[in-house]
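The lines below spell out each chain.
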Amino acid sequence: TPPIQPFSISFGADNATLEPQGQVLTRRMSDLEGLFADGDAWARAVADGDPVVYTVVSSPVPEVPRELPQSITTIYPGETGGEFWMTKGHQHPDPQGEIYLGLDGHGGLLLFDGERAEWLEMRPGTIGYIPPSWAHRSINVGDEPYRFLAVYPGSAGHDYGWVVAHGMGLRARRASAPRTGNGDTTH
Ligand code: F6R
Ligand code: ZN
């Protein structure tokens, strides 16, 4: 792939689109199998319309070594089994840092290194830093769409199986929701 030439990107009026724009990924509830603690509630949500949980709009910069791709994630507000809607979460197989910038709404950036979980509150204007080797998941803890920009090395890669196998150390639930197990964080 030849290197990308210098260019700039504009946000759309709602911050959810980019111009120019690359691929758009849509994650529905059925794409999140095994991630919510309440599997029955997850299955009911899939049967009941299989809602879109989040979208990821990418810049035209490809995920190849030395390039620096960007994307905007929009997580819609919702709860399944009392757990806030969230991204799948992943680790970068080639451990490299990543930067998130909050754009709209209220979210959390959950980080897990296999032993320790950290929670960063994300608001518009918050820069969240993901150190190399920390798995990361984003969660909408508000009532509006939560939106953020991600900037990451094109060679980092994405490992989703690690999170399925190890979890993320914490789960995010509304304070009034029934609690199960230990290590929950509430909002
Ligand atoms: C890229 C990155 C984000 C996420 C996006 C969707 O390294 O961290 O762009 O890819 O927020 O989350 P996942 O990839 O976990 O489905
Ligand atoms: Zn990442």
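What counts and how
Residues numbered from 1 in each chain as written. Chains lettered and ligands numbered in written order. Predicted model: local features only at pLDDT ≥ 70, side-chain atom pairs only at ≥ 80, totals over all residues. Heavy atoms only, no water. Helix = DSSP H or I, 4+ residues; strand = E, 2+ residues; numbered from the N terminus. Buried < 20%, exposed > 50% of the residue type's maximum accessible area, 1.4 Å probe, protein only. Donors = N, O, S within 2.8 Å, 3.2 Å for Na, K, Ca; no water. Pairing = 2+ DSSP bridges. Axes fitted to C-alpha atoms, helices over the stretch in contact; angles between N-to-C directions. Near = heavy atom within 4 Å. Polar contact = N/O pair within 3.5 Å; in protein donor to acceptor, adjacent residues only side chain to side chain. Areas by Shrake-Rupley, 256 points an atom, 1.4 Å probe, with all protein chains shown as cover. Nonpolar A, V, L, I, M, F, W, Y, C, P; charged D, E, K, R; others polar.

On to unusual backbone geometry. Cis geometry marks the peptide bond from Glu19 to Pro20; its omega dihedral reads 0°. Mapped onto the elements, Pro20 comes out in the loop between strand S2 (18–19) and strand S3 (24–28). Within the chain, Asp50 stands out as a residue other than glycine whose phi angle is a positive 45°. In this structure, Asp50 sits in the loop between helix H1 (39–47) and strand S4 (52–58). Taking the relative accessible area as the measure of exposure, Asp50 reaches 15% and is therefore buried. Phi at Ser133 is positive, roughly 80°, even though this residue is not glycine. Since its relative accessible area comes to 41%, Ser133 is described here as partly exposed.

What follows is about the coordination of the zinc ion (ligand 2). Angles between donor atoms at a metal ideally measure 109.5 degrees for a four-coordinate tetrahedral arrangement and either 90 or 180 degrees for a six-coordinate octahedral one. Coordination of the zinc ion (ligand 2) by the protein comes from His90 (NE2), His92 (NE2), Glu98 (OE) and His136 (NE2), over a distance range of 2.1 to 2.3 Å. Counting the intervening residues between successive donors of the zinc ion (ligand 2) yields the motif H-x1-H-x5-E-x37-H. Given the relative accessible area of 9%, His90 is considered buried. With relative accessibility at 3%, the residue Glu98 sits in the buried group.

Strands sit in the order S10-S9-S12 across an open sheet of three strands; the sheet is antiparallel. Bordering the open sheet on either side are strand S10 (117–122) and strand S12 (135–140), each of which pairs with just one other strand. Put simply, the sheet's adjacent strands are angled 20° from each other on average, direction ignored. One ladder, built from six bridges, connects strand S9 (residues 107–112) with S10; its direction is antiparallel. Paired with Gly108 across the strands is Glu121, a residue of S10.

This paragraph deals with the site of ligand 1. In the vicinity of ligand 1 lie 17 residues, with Tyr54, Thr73, Gly89, Tyr100 and Tyr160 positioned nearest. In this structure, His92 approaches ligand 1 through a side-chain N or O atom, which is 3.0 Å from an oxygen atom. Within the contact set of ligand 1, an oxygen atom lies 2.6 Å away from a side-chain nitrogen or oxygen of Tyr100. In isolation ligand 1 has 390 Å² of accessible area, and contact with the protein removes 96% of it. For the shell around ligand 1, the secondary structure elements donating two or more residues are S4, strand S5 (70–75), strand S8 (98–104) and strand S13 (146–151). Partitioned by chemical class, the residues of the shell around ligand 1 number seven nonpolar, eight polar and two charged.

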